[in-house]
Amino acid sequence: MPIPMWVTRVNRRVTNPLMMALSDDVPPLATLHHVGRRTGRRLRTPIFAFPTARGFVIALTYGPDVQWLRNLEAGEARLVRRRVVYRLADPVRLHGDDGARLVPAWTRAGLRPMHVDEFVELRAEPIPSPRVR
């Protein structure tokens, strides 16, 4: 696992609330909206999402066993990036260069020392926003 799981607890309580304040507006941050597969609760997770030809790629910095990925694979999810809402589908797990080539060079440089080589690419379709009259 690239990043120790105890860091997850710190991030959940400290870093994530700070990132949530920015994640809808400041790329490459984005907000992943998903539903807990066991609880049915609506959840939000701040992530770094990079555009690809299919949609978006996300580096799995905590490894492939994160709950948000399991929730996404089990049901529907949405992503908000730059205030645009996308419907996500068809997650494809990528390993090594297959995933790394889809993220910017500065991101690859940051992921390499952490030994992060797992990614997920998602098909994304923008959801038209309702017009306000």
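Note that the structure is a prediction, hence the values are computed from the model and not measured.

### A word on the layout of surface pockets
Summary: where empty space remains is shown by rolling a probe the size of a single water molecule over the atoms.
Thinking step 1. Empty space within the largest pocket amounts to approximately 1100 Å³.
Thinking step 2. As for the largest pocket, its lining consists of 37 residues, and the residues nearest its centre are Asn16, Thr45, Pro46, Tyr62 and Trp68.
Thinking step 3. Only helix H1 (5–20), strand S2 (42–48), strand S4 (55–59), helix H2 (67–74) and helix H4 (105–111) provide two or more residues apiece to the lining of the largest pocket.
Thinking step 4. Classifying every residue of the lining of the largest pocket by side-chain character gives 17 nonpolar, 13 polar and seven charged.

### Comments concerning the side chain of Ser23
Thinking step 1. Along the chain, Ser23 falls in the loop between H1 and strand S1 (29–35).
Thinking step 2. Here Ser23 falls in the buried class, since its relative accessible area comes to 0%.
Thinking step 3. Setting aside its immediate chain neighbours within four residues, Ser23 contacts Leu29, Ala30, Thr31, Pro46 and Val80.

### Observations regarding the packing of aromatic side chains
Thinking step 1. Scanning the entire structure with this criterion turns up two aromatic pairs.
Thinking step 2. Look at Phe50 and Trp106: their rings are 6.0 Å apart centre to centre, the planes differ by 70°, and that puts the pair in the edge-to-face class. Of this pair, Phe50 sits in strand S3 (residues 50–51) while Trp106 sits in helix H4, and the two are 56 residues apart along the sequence.
Thinking step 3. Centroid distance Phe56 to Tyr86: 5.0 Å. Interplanar angle 80°. Geometry classified as edge-to-face. Highlighted residues: Phe56 in strand S4 and Tyr86 in strand S6 (residues 84–95), separated in sequence by 30 residues. Tyr86 carries the same exposure label as Phe56, and that label is buried.

### With respect to H1
Helical geometry: 3.6 residues make up each α-helical turn, so side chains three or four residues apart lie on a common side.
Thinking step 1. Remark: the principal bend of H1, roughly 55°, maps to Asn11.
Thinking step 2. Among the residues of H1, Val7, Thr8, Asn11, Met19 and Met20 are the ones counted as buried.
Thinking step 3. Turning to H1, the residues buried within the fold contact S1 and S2.

### Looking at the pattern of salt bridges
Thinking step 1. Tallied over the full model, the rule gives seven salt bridges.
Thinking step 2. Residue Glu73 pairs with Arg93 through a salt bridge whose shortest N-O separation is 2.9 Å. Residue Glu73 is found in helix H2, and its partner Arg93 is found in strand S6; the two are separated by 20 residues along the sequence.
Thinking step 3. Glu125 is the partner of Arg123 in a salt bridge, and the nearest nitrogen-oxygen pair spans 2.5 Å.
Thinking step 4. A relative accessible area of 35% places Glu125 in the partly exposed class.
Thinking step 5. Three or more residues joined by partner-sharing salt bridges are found here, namely Asp90, Arg123 and Glu125.

### Here's the deal with the environment of Asp24
Thinking step 1. Its place among the elements puts Asp24 in the loop between H1 and S1.
Thinking step 2. Overall, the relative accessible area of 19% leaves Asp24 in the buried class.
Thinking step 3. Through-space distance from the C-alpha of Asp24 to that of Pro46 is 8.7 Å; in sequence the pair is 22 residues apart.
Thinking step 4. If near-sequence neighbours (up to four positions away) are discounted, Asp24 is found in contact with Thr31, Val80, Arg81, Arg82 and Arg83.

Basis of the calculations
Residues numbered from 1 in each chain as written. Predicted model: local features only at pLDDT ≥ 70, side-chain atom pairs only at ≥ 80, totals over all residues. Heavy atoms only, no water. 1 Å grid on protein atoms, 1.4 Å probe; cavity = no way out; pocket = protein on both sides within 12 Å on 5 of 7 lines; lining within 4 Å. Points joined across faces, edges and corners; volume = space filled by probe spheres on them. Helix = DSSP H or I, 4+ residues; strand = E, 2+ residues; numbered from the N terminus. Nonpolar A, V, L, I, M, F, W, Y, C, P; charged D, E, K, R; others polar. Buried < 20%, exposed > 50% of the residue type's maximum accessible area, 1.4 Å probe, protein only. Contact = heavy atoms within 4.5 Å. Phe/Tyr/Trp six-rings, centres within 6.5 Å; stacked < 30°, edge-to-face > 60°. Bend = angle between axes of the 7 residues up to and from the residue. Salt bridge = Lys/Arg side-chain N within 4 Å of Asp/Glu carboxyl O.

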